[in-house]
Amino acid sequence: MSTAFKFENEIVQRSERAKSVEFHPTEPWILVSLHSGTVYIWNYQSQTTEKTFKVAESPVRSAKFIPSKRWVIVGSDDAFIRVYDYGTMEKIKEFQAHKDYIRCVGVHPTLPYVLSASDDAVIKLWDWEKDWECTQTFEGHSHYVMRVAFDPQDPNAFASASLDGAIKIWNVHSSAAKFTLDAHEKGLNFVDYFSRDDKHYLLSGSDDYTAKVWDDKGGSCVHTLEGHEHNVTAVCAHPELPIVITGSEDETLRIWDANSFGLKHVLKFGHGRIWEIAYQKGSRRVAVACDEGIAVVEIVC
C-alpha cells in the first residue's frame, strides 16, 4: 500500500451528526444537513456559517443545491420535501413526497427534475417547472431506497441503490426498471457513476463492508474494494485526481487507484462514522460528513 496521498489543511466544523454534504459550484460554500433537522451553509474560506434553515424536528438526510434557481432542496424523515431560496431564506415549496423517511434527493444537472428516494421503497420524479408535479413513480425495490444518481452520459437515465441488495437502472420516462444488478450480499447504501479514460462505471457501497466497481453497460463487476471493517456508506470518484474514495461506519476513509483499483491510503478520520463524501470540481478539496460534524481536507499527491 502506497503512502503517496497526503491530506492537508484540514478544517473541522463541529456540529451534531452531519448526514450530507455538497459544495456549491461557484461560491466557497458547503451545504450540510444534520440529524437534528437543521440545514446550514458553511463558508470554508471564512469558516463561518452563511445561512441556517431549521427544516424539521426529524433528521434531514439529504440536501442539495439547485444553483440555477438559487435554491436548496431538502428531504427529511417526516417524508416532506422543502425548497428554500438561499438568498432570501424564503421557503419556496413544501409538500409531502412519500409515506416514509426520505433518504436521498438527486438534482438533474440540466433538466428541471428532482428524484426522491424513500424508505417506502419508492422513487419519485418531480418537475419544478410544473409546480413540482410528480411526473413519474418508480417501483420495484423491495426495501428502503438509499440512493439515486443521474447518469451523466444519458440525461434520461439514473441508477438506484437499495437495502434489498440491488442496483436498478431506470429511464425517467418509464416506471419499470431497464435492468437490475444483484449487486451485494447485503443492503446497498450508495451508488454513483464515474468515468475514466472513456470508460463508464458504477460505484456501489454496501453493508457487506465492500464497495464495488461495475461496468455500467454490461452490468458486470469489474472490481471489489475490500478492507473496510464496517458498512460502506459513501463512495466517490474524484474528477481531477485518479482516485476513488470510500467512507465507512468504521470511521475510515480509504483511497483507491481509479485505474488499477488498488488500495493507496487509509485515513483514520477521527470524527465518528462517515455518512457522505463530496468533492469540489476544479480543486483537490473534499468534504466529509461525520457523526461529529464535517471535515474539509485537500488531497495532495
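The chain has the name Beta'-coat protein in an unreviewed UniProt entry, where Rhodamnia argentea is given as its organism.

1. Overview of the sheet that holds strand β21 (residues 221–225)
The strand order across the open sheet built from four strands is β18-β19-β20-β21, with neighbouring strands paired in antiparallel fashion. A strand with exactly one partner marks an edge of an open sheet, and here the two such strands are β18 (188–196) and β21. Here the strands of the sheet are splayed against their neighbours by 20° on average, with no regard to which way each runs. Where strand β20 (residues 211–215) and β21 come together, four bridges link them in antiparallel fashion.

2. Looking at the sheet that holds strand β25 (residues 263–268)
With antiparallel pairing, four strands are arranged side by side in an open sheet as β22-β23-β24-β25. In this open sheet, the two edge strands, each paired with only one partner strand, are β22 (232–237) and β25. Neighbouring strand axes in the sheet, compared pairwise and without regard to direction, differ in orientation by 15° on average. Relative to strand β23 (residues 243–248), β22 runs antiparallel, the two sharing five bridges. Across the sheet, the residue bridging to valine 232 is serine 248, located in β23.

3. Quick look at the side chain of histidine 24
Of note, histidine 24 is situated in the loop between β2 (18–23) and β3 (29–34). Here the side chain of histidine 24 touches glutamate 27 through a polar contact of 3.0 Å, landing on its backbone nitrogen. The contact partners of histidine 24, leaving out residues within four places of it in the chain, are Trp29, Phe65, Pro67 and Tyr86.

4. Section: the nonpolar core
In this structure, Phe194, Val244, Ile245, Phe269 and Ile277 are the most contacted members of the largest nonpolar core, which totals 30 residues. The biggest single contributor to this core is β22, with five residues. When sequence neighbours within four positions are dropped, the list of residues in contact with isoleucine 245 reads Ala234, Val235, Cys236, Leu253, Arg254, Ile255, Ile277, Val286 and Ile299. Residues Ile30, Tyr40, Tyr44 and Ala289 belong to the second largest nonpolar core, which totals 15 residues.

5. Some remarks on the packing of aromatic side chains
Aromatic ring pairs: the centre-centre distance and the angle between the two ring planes describe each pair. For the coordinates displayed, the defined rule picks out 15 aromatic pairs. The interplanar angle of 55° and the centroid separation of 4.8 Å between the aromatic rings of phenylalanine 95 and tryptophan 126 together place this pair among those described as tilted. Of this pair, phenylalanine 95 sits in strand β9 (residues 91–96) while tryptophan 126 sits in strand β12 (residues 122–127), and the two are 31 residues apart along the sequence. Neither residue differs from the other here; phenylalanine 95 and tryptophan 126 are each classed as buried. Judged by centre distance (4.9 Å) and plane angle (80°), the rings of phenylalanine 138 and phenylalanine 158 are edge-to-face. Taken together, the positions of phenylalanine 138 in strand β13 (residues 133–139) and phenylalanine 158 in strand β15 (residues 157–162) put the pair 20 residues apart, joining distant regions of the chain. The two residues phenylalanine 138 and phenylalanine 158 agree in class, both being buried. Every member of this aromatic cluster is reached through a ring pair, and the members are Trp71, Phe95, Trp126, Trp128 and Trp132.

6. Re unusual backbone geometry
You will see that alanine 79, though not glycine, has its phi angle at about 75°, which is positive. Here alanine 79 is to be found in the loop between β7 (71–76) and β8 (80–85). Although it is not a glycine, aspartate 197 sits at a positive phi angle of roughly 55°. Residue position: aspartate 197 is located in the loop between β18 and β19 (199–206). Overall, aspartate 197 belongs to the exposed group, its relative accessible area being 63%.

Conventions and cut-offs
Residues numbered from 1 in each chain as written. Predicted model: local features only at pLDDT ≥ 70, side-chain atom pairs only at ≥ 80, totals over all residues. Heavy atoms only, no water. Pairing = 2+ DSSP bridges. Helix = DSSP H or I, 4+ residues; strand = E, 2+ residues; numbered from the N terminus. Axes fitted to C-alpha atoms, helices over the stretch in contact; angles between N-to-C directions. Polar contact = N/O pair within 3.5 Å; in protein donor to acceptor, adjacent residues only side chain to side chain. Contact = heavy atoms within 4.5 Å. Core = buried A, V, L, I, M, F, W, Y, C linked by side-chain atoms within 4.5 Å. Buried < 20%, exposed > 50% of the residue type's maximum accessible area, 1.4 Å probe, protein only. Phe/Tyr/Trp six-rings, centres within 6.5 Å; stacked < 30°, edge-to-face > 60°.

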